[in-house]
Amino acid sequence: MSALAGIDQALWDIKGKALGVPVYELLGGKVRDRIRVYSWIGGDRPGETAAQAKERAALGFTAIKMNASEELQFVDTFDKVDRVLANVAAIREVVGPHFGVGVDFHGRVHKPMAKVLFNELEPYRPMFVEEPVLSEHADSLKEFAGLANIPIALGERLCSRWDFKKILAEGYVDIIQPDPSHAGGITETRKIAHMAEAYDVALALHCPLGPIALAVNLQLDAGCYNAFIQEQSLGIHYNQGNDLLDYVMNPEVFDYSDGYVKIPSGPGLGIEVNEEYVKERAAVGHRWRNPIWRHADGSFAEW
Ligand SMILES: [Mg+2]
């Protein structure tokens, strides 16, 4: 579905450019001029997260997302739980009570500890908890429903409308997060988003990727009424030596202000890729891999 997404996105860009209109016009027009964005701060290693949140707030962002925890065993000790809470409390202290704080369990947390953390996080009023359990365990989400009033977000690992169908019908997810670069592109993701609207479920597209992905996401946000916030990777903690805007000739199309980014209105996806720079970087290549984490007993820990 990722390969299909690439082709789908290219075709929408080509058609929009051929007709001289942004993709959202081909999809029926836009329902918003801009969309709220959140900025990633690490959270992998607690300690620096409060300072990072403060920095993002100073840049104008009104929301951040963080990883909840470090390595966490199926059943772990409560000092780890306390560290997660201290971390979120420190962030709340610097950004105040009304700043959006998304907390991503990131597949690191298994159900026994997820229930504990989910419940304990409620007083800090998270904007959402993301993947309290992995999508494969979505059947256990009903166990979270009575624990705390925190919106549950999920969906970055689901790749088609049929993957989302059961999740939406079950009714325990509040926010879906399909990734238009992995869920079949603009065509499939739009169908998923509109399905969710019928269940009163919000849309927060997954986008920790590059400028083409962000441009695609913004074209979808333009026309999907249930979109309320957009992930984006400007300054993301794992981009070292490269950043989102390096690869486009017209980085000014990503117009950030007051915690929002404007919907680009140029033809197609609204961006011009810097192909020379892409070739240059492709010649260098990369071999990005997840860090390998281990539990204290030597077993594999999900990053
Ligand atoms: Mg995530």
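Small disclaimer: the values here were computed from a predicted structure and weren't measured.

1. A word on the coordination of the magnesium ion
Item 1. Ligation of the magnesium ion by protein atoms is provided by Asp104 (OD), Glu130 (OE) and Glu156 (OE), these donors lying 1.9 to 2.5 Å from the ion.
Item 2. Spacing between the donor residues of the magnesium ion along the chain follows D-x25-E-x25-E. Remark: Glu156 occurs in the loop between strand 5 (152-154) and helix 7 (161-170) and Glu130 occurs in strand 4 (residues 128-130); sequence separation between them is 26 residues. Residues Glu130 and Glu156 agree in their burial class; the two are buried.

2. Details of the packing of helix 1 (residues 2-19) against helix 8 (residues 185-197)
Item 1. At a minimum axis separation of 6 Å, helix 1 and helix 8 run at an interaxial angle of 100°. One way to sum up the angle between helix 1 and helix 8 is to call them roughly perpendicular. Taken together, the residues of helix 8 that come into contact with helix 1 (itself represented by Ala5, Asp8, Gln9 and Trp12) are Gly185, Ile186 and Thr187.
Item 2. A breakdown of the residues in the contact of helix 1 with helix 8 according to their chemical character gives three nonpolar, three polar and one charged.

3. Observations concerning the pairing of strand 1 (residues 34-40)
If a strand is regular, its side chains alternate between the two faces of the sheet.
Item 1. Most of strand 1 sits inside the fold, with five of its seven residues counted as buried.
Item 2. Pairing of strand 1 with strand 10 (residues 260-262) involves three bridges; the strand directions are antiparallel. Across the sheet, Arg34 pairs through a bridge with Lys262, a residue of strand 10.
Item 3. Judged from the two bridges that link them, strand 1 and strand 8 (residues 230-231) form a sheet pairing that is parallel. Its bridge partner lying in strand 8, Tyr38 is registered against Glu231.

What counts, and where the lines are drawn
Residues numbered from 1 in each chain as written. Predicted model: local features only at pLDDT ≥ 70, side-chain atom pairs only at ≥ 80, totals over all residues. Heavy atoms only, no water. Donors = N, O, S within 2.8 Å, 3.2 Å for Na, K, Ca; no water. Helix = DSSP H or I, 4+ residues; strand = E, 2+ residues; numbered from the N terminus. Buried < 20%, exposed > 50% of the residue type's maximum accessible area, 1.4 Å probe, protein only. Axes fitted to C-alpha atoms, helices over the stretch in contact; angles between N-to-C directions. Parallel < 35°, antiparallel > 145°, perpendicular 65-115°, else oblique. Contact = heavy atoms within 4.5 Å. Nonpolar A, V, L, I, M, F, W, Y, C, P; charged D, E, K, R; others polar. Pairing = 2+ DSSP bridges.

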